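# Per-entry structural report
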Amino acid sequence: MVEVALKLCLVYWFITWLDTYILSWQCLTRPIVVAPIAGLVMGDLQTGIIMGASLESVFMGISAIGGSIPADVTTGTIIATAFTILTNADMETAISLSLPIGTVMASINSMFTPVWAAFAPYLKKLATGGNLKKYEIISHVINIFIPLVPAVVMFFAVAYGVEGLESLIASLPAWVMTGLSAASSMMLAVGFAILTAMIWSKEIGYFFFAGYVLVAYLSMDTLAIAILGAIVAVTLFLQEKRSLDLENKITKLVSEGNVSANSEEEDFF
Amino acid sequence: MEKVVLSAEEKKLLRKVQLRSHLVFMAANMVQMEANGMTHTLAPALEEIYKDDPEGKKEAYARSQQFFNTHAVPFSFIAGLVWAMEKEHKENNSVDGQTIESIKAALMGPTAGMFDSLFFNCLRIIAAGVGIGLCSQGNILGTVLFILIYGVPQSILKFIFVRMGYTYGTSFIEMVFNSGLMASFTKAASILGIIMVGAMTASMVSVPLALTLNIGDTSVVIGDVINSIFPGLLGVCLLFWYVSLIRKGVRPTWLIVITLVIGLVGALIGLF
């Protein structure tokens with residue numbers, strides 16, 4: 001267990017470092033990428049891939065926008081995947097646990113934010129001090145340390161927590177498991193609600209139901225809906241562009257019309 | 001916009017800045033946010049521009065250390081623009097330091113809003129939708145497609161944006177903002193985003209009601225009755241209740257707690 005935990009800890013650290021600090025994609029740390037890699041490390045790629053799909057839909061609405069992260073998506077994913085593969089637990093149970101785990105990890109991370117912020121004046125001094133090499137090296141060292149904190153916490157959670165979690169699950173009454181699995185399918189509504197609240201406006205909000213009906217009544221594929229959605233979006237964009245062009249043209253014509261009317265008037269008098 | 005021809009030396013420098021513009025979140029912290037990313041991205045350019053002006057160089061580095069925060073993709077465009085302005089500042093002294101700082105600050109908000117909605121609310125959801133479909137069948141291609149749709153284009157755009165920001169500089173900004181199309185663009189991206197959210201809500205969110213009413217000999221499954229009125233009605237109601245809670249300022253962490261409580265209490269009294 002310790003060896004697997006160490007491997008997962010390294011996977012977490014490397015992916016976070018590469019994705020956040022070197023590529024700045026915020027893409028490789030998503031469950032759909034992390035879960036298959038974690039699965040591969042534990043020797044069960046197939047479960048990892050399927051977990052990735054479920055966890056990605058759970059964490060869909062949760063991403064670092066404006067610097068505040070409600071749940072640490074990556075650690076939540078790795079621990080949930082480890083829990084499923086290492087203890088042969090039910091996927092739904094693991095998924096319903098991933099959000100609370102991610103939330104706890106996010107609060108551990110936020111405890112350390114003041115520590116990293118304390119480096120700000122020092123970095124500023126180095127950057128303006130003329131020693132560029134030293135500034136660059138120290139920045140890179142800080143980058144290495146920031147994801148190390150959750151990595152270490154996660155190591156202990158996987159190494160010593162999974163077995164404890166397993167025996168705990170076995171001793172729970174049936175309604176707890178039913179409740180957790182009901183909560184996990186409703187948990188998806190939290191992520192989608194965050195997204196909806198962010199995108200929703202009176203002008204465009206009703207388009208939500210276009211997508212909803214296409215799936216609920218016609219069971220269409222997401223890619224097909226994306227294509228239809230793109231057609232609607234492009235059409236609306238072009239229409240707005242046309243009316244804007246027209247508006248500009250009218251303004252221009254009106255101002256020109258005024259000019260000619262003035263000159264006629266001058267001729268007349 | 002006329003085509004700008006870069007010299008061999010400029011091209012070499014451009015490649016360096018383009019690669020370094022990936023270091024957006026360099027030593028990121030709540031005080032500076034992406035300021036260290038800006039310094040790292042601009043360092044080769046600043047070294048070149050101010051190579052015989054140590055005082056000017058120091059001031060330029062101090063400017064690059066100002067608080068900065070936007071989405072990682074437009075970050076590259078703004079870095080390219082700052083590069084052009086710093087060069088102008090040193091060579092012709094037509095742009096003063098104050099202008100550079102205020103243009104950076106002015107671009108933070110609108111670019112963050114626009115690209116957050118384009119990447120987080122639109123492209124990521126499309127990529128996840130496509131990826132989840134394949135991955136749920138156990139196909140690793142879903143992960144590969146997710147990276148190809150959501151990750152790789154960011155790098156390609158970064159390369160284009162640094163170059164664009166540098167070559168077209170200020171004239172480009174004026175053109176885009178004066179054309180008035182920015183609002184329409186954001187709107188179109190949001191429409192596509194919310195259609196996808198609606199589609200995925202329908203296929204994924206469900207309230208697994210197991211309640212049955214026994215009236216005489218017939219038993220009525222309440223969940224089926226509700227779904228025959230509108231498929232997944234309870235799920236939609238739940239979602240919009242959460243949306244209204246979020247609008248009222250309830251933190252997502254609380255929604256997670258509420259959901260857990262509903263699930264557990266519901267199971268205890270036999271709802272699920």
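Residues numbered from 1 in each chain as written. Chains lettered and ligands numbered in written order. Predicted model: local features only at pLDDT ≥ 70, side-chain atom pairs only at ≥ 80, totals over all residues. Heavy atoms only, no water.

### Comments concerning the overall build of chain B
The helix and strand tally for chain B stands at 10 helices and two strands. Relative to the 2.2 N^0.38 estimate, which gives 19 Å for 272 residues, the radius of gyration of chain B is 26 Å and therefore markedly larger than a compact globule would have. Over its C-alpha atoms, taken along the principal directions, chain B stretches across nearly 95 × 35 × 35 Å. By the burial criterion, 51% of the 272 residues in chain B qualify as buried. Taking contacts inside chain B between residues at least 6 apart in sequence as the whole, the part at least 24 apart equals 68%. (Helix = DSSP H or I, 4+ residues; strand = E, 2+ residues; numbered from the N terminus. Rg over C-alpha atoms; globule rule 2.2 N^0.38 Å. Buried < 20%, exposed > 50% of the residue type's maximum accessible area, 1.4 Å probe, protein only. Contact = heavy atoms within 4.5 Å.)

### Comments concerning the domain arrangement of chain B
Domain boundaries assigned for chain B yield domain 1 (8-193) and domain 2 (205-268). Here domain 1 of chain B and domain 2 of chain B have C-alpha centroids that lie 43 Å from each other. (Domains from an automatic or database assignment.)

### Observations concerning the pairing of strand β1 (residues 212-215) of chain B
Residues and elements named next belong to chain B. The pairing of β1 with strand β2 (residues 218-221) spans four bridges and is classified as antiparallel. Note that in β2 the partner of Leu213 across the bridge is Val220. Taking the residues between adjacent antiparallel strands as the criterion, β1 and β2 are bridged by two residues, where Gly216 takes a positive phi near 60°. (Pairing = 2+ DSSP bridges.)

### Focus on helix α3 (residues 54-64) of chain B
Structurally, the α-helix is built with 3.6 residues per turn, so residues lying three or four positions apart point the same way. Residue and element names in this part refer to chain B. The set of residues buried in α3 consists of Gly56, Ala60, Tyr61, Arg63 and Ser64. Along α3, the residues classed as buried sweep out an arc of 155° about the axis, all on the same side. Projecting away from the buried face of α3 at angles above 90 degrees are the exposed residues Pro54 and Glu55. (Arc of directions from axis to C-beta.)

### Regarding unusual backbone geometry
Non-glycine residue A:Ser219 carries a positive phi angle of around 50°. You can see A:Ser219 is positioned in the loop between α10 (207-216) and α11 (222-268). With a phi close to 45°, B:Ala27 is a non-glycine residue in the positive phi region. The residue B:Ala27 is located in the loop between α1 (8-20) and α2 (35-49) in this model.

### A closer look at the packing of aromatic side chains
Remark: the centre distance and the inter-plane angle together describe each pair of aromatic rings, the angle taken between the planes. Residue and element names in this part refer to chain A. Under the counting rule described, the total for this entry stands at 19 aromatic pairs over all chains. Ring centres of Phe14 and Trp17 lie 6.0 Å apart, and the angle between their planes is 40°; on these two criteria the pair is classed as tilted. Separated by three residues within a single helix, Phe14 and Trp17 lie in helix α1 (residues 2-23), roughly one turn from each other. Note on Phe14: relative accessible area 43%, which makes it partly exposed. An angle of 20° between the planes, with centres 6.4 Å apart, marks the rings of Trp116 and Phe119 as stacked. When its relative accessible area of 29% is taken as the criterion, Phe119 is described as partly exposed. (Phe/Tyr/Trp six-rings, centres within 6.5 Å; stacked < 30°, edge-to-face > 60°.)

### A few points about helix α7 (residues 132-145) of chain A
All names here are of chain A. Between its first and last C-alpha atoms α7 spans 20 Å; for 14 residues at 1.5 Å apiece the expected length is 20 Å, and the two agree. Inspection of α7 places Leu132, Tyr135, Glu136, Ile138, Ser139, Ile142 and Asn143 among the buried residues, and these make up the whole buried set. The arc that holds every buried residue of α7, seen down its axis, measures 165°, which confines them to one face. Away from its buried face, by an angle of more than 90 degrees, α7 presents the exposed residues Lys133 and Ile137. (Expected span 1.5 Å × (residues − 1).)

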